[in-house]
Amino acid sequence: MRQIKTSMTSERFNVIPVKGVNVVELVLPQFVDSDEFDRINESLLTMLGNKADARWIIDLSAVTYMGSSALGLMVNIRQKIKQAGGRLVICGLSRRLLEVFHTCCMERLFAIVPTREEAVTMCKPD
């Protein structure tokens, strides 16, 4: 199992190690132009790099809206982690985001829990 040893920070996300799990605090504005979104996408996938086999939490507490591009990014992240044998849990979805995930049937793809604490418990190493 791999874990990021120190926190990483980007303009749109922070990665913080918590009890053997890498927590990605995603911060997306409601409107993101395609160039900025491409930078976010590239940064996140690069950050995962060869650490996709680790245990990951994506905390969406600071995200109020996700369009189709951001939802696609979530699926790409999930796929990369799944293919590497890692684990991914999502937490902190607002009621609005939870509805979007439900409408798009994404709750079938992701383990979703309300809080970061529950996500850490669900995701932490045995």
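Predicted, not measured: the structure shown is a model, and the values here were computed from it. (Residues numbered from 1 in each chain as written. Predicted model: local features only at pLDDT ≥ 70, side-chain atom pairs only at ≥ 80, totals over all residues. Heavy atoms only, no water.)

Enquirer: Account for the pattern of salt bridges, with residues named and values stated.
Expert: Inspection of the entire model under this criterion finds two salt bridges. A salt bridge links E25 to R116, with the shortest nitrogen-to-oxygen separation between them at 2.6 Å. Placement of the pair is E25 in strand β3 (residues 21–26) and R116 in helix α4 (residues 116–123), with a sequence separation of 91 residues. In this structure E25 comes out as partly exposed when scored by relative accessible area, which is 21%. The exposure class assigned to R116 is partly exposed, which follows from its relative accessible area of 22%. Look at the salt bridges and you will find they share partners, linking E25, D59 and R116 into a network. (Salt bridge = Lys/Arg side-chain N within 4 Å of Asp/Glu carboxyl O. Helix = DSSP H or I, 4+ residues; strand = E, 2+ residues; numbered from the N terminus. Buried < 20%, exposed > 50% of the residue type's maximum accessible area, 1.4 Å probe, protein only.)

Enquirer: Provide a residue-level description of the environment of R12, including the pertinent values.
Expert: Here R12 shows up in the loop between β1 (8–9) and β2 (13–18). In contact with R12, other than residues within four places in its own chain, are E25, L26, V27, P29, E36 and I40. (Contact = heavy atoms within 4.5 Å.)

Enquirer: Talk me through the environment of D59; I want residue IDs and the actual numbers.
Expert: Within the secondary structure, D59 is located in strand β4 (residues 55–59). Separated by 60 residues in sequence, D59 and A119 place their C-alpha atoms 8.9 Å apart. The residues contacting D59, other than those within four sequence positions of it, are V23, V24, E25, L26, C91, G92 and R116. There is a polar contact of 2.9 Å between the side chain of D59 and the side chain of R116. (Polar contact = N/O pair within 3.5 Å; in protein donor to acceptor, adjacent residues only side chain to side chain.)

Enquirer: Give a detailed account of helix α1 (residues 34–48), specifying residues and quantitative values.
Expert: The terminal C-alpha atoms of α1, which comprises 15 residues, lie 21 Å apart, in line with the 21 Å expected from a rise of 1.5 Å per residue. Looking only at α1, the buried set comprises E36, F37, I40, N41, L44, M47 and L48. Within α1, the buried residues cover an arc of 140° as seen down the axis, which keeps them to one side. Exposed residues pointing more than 90 degrees away from the buried face of α1 are listed as S34, R39, E42 and T46. A positive backbone phi angle near 35° is found at G49, which sits one or two residues after α1. (Expected span 1.5 Å × (residues − 1). Arc of directions from axis to C-beta.)

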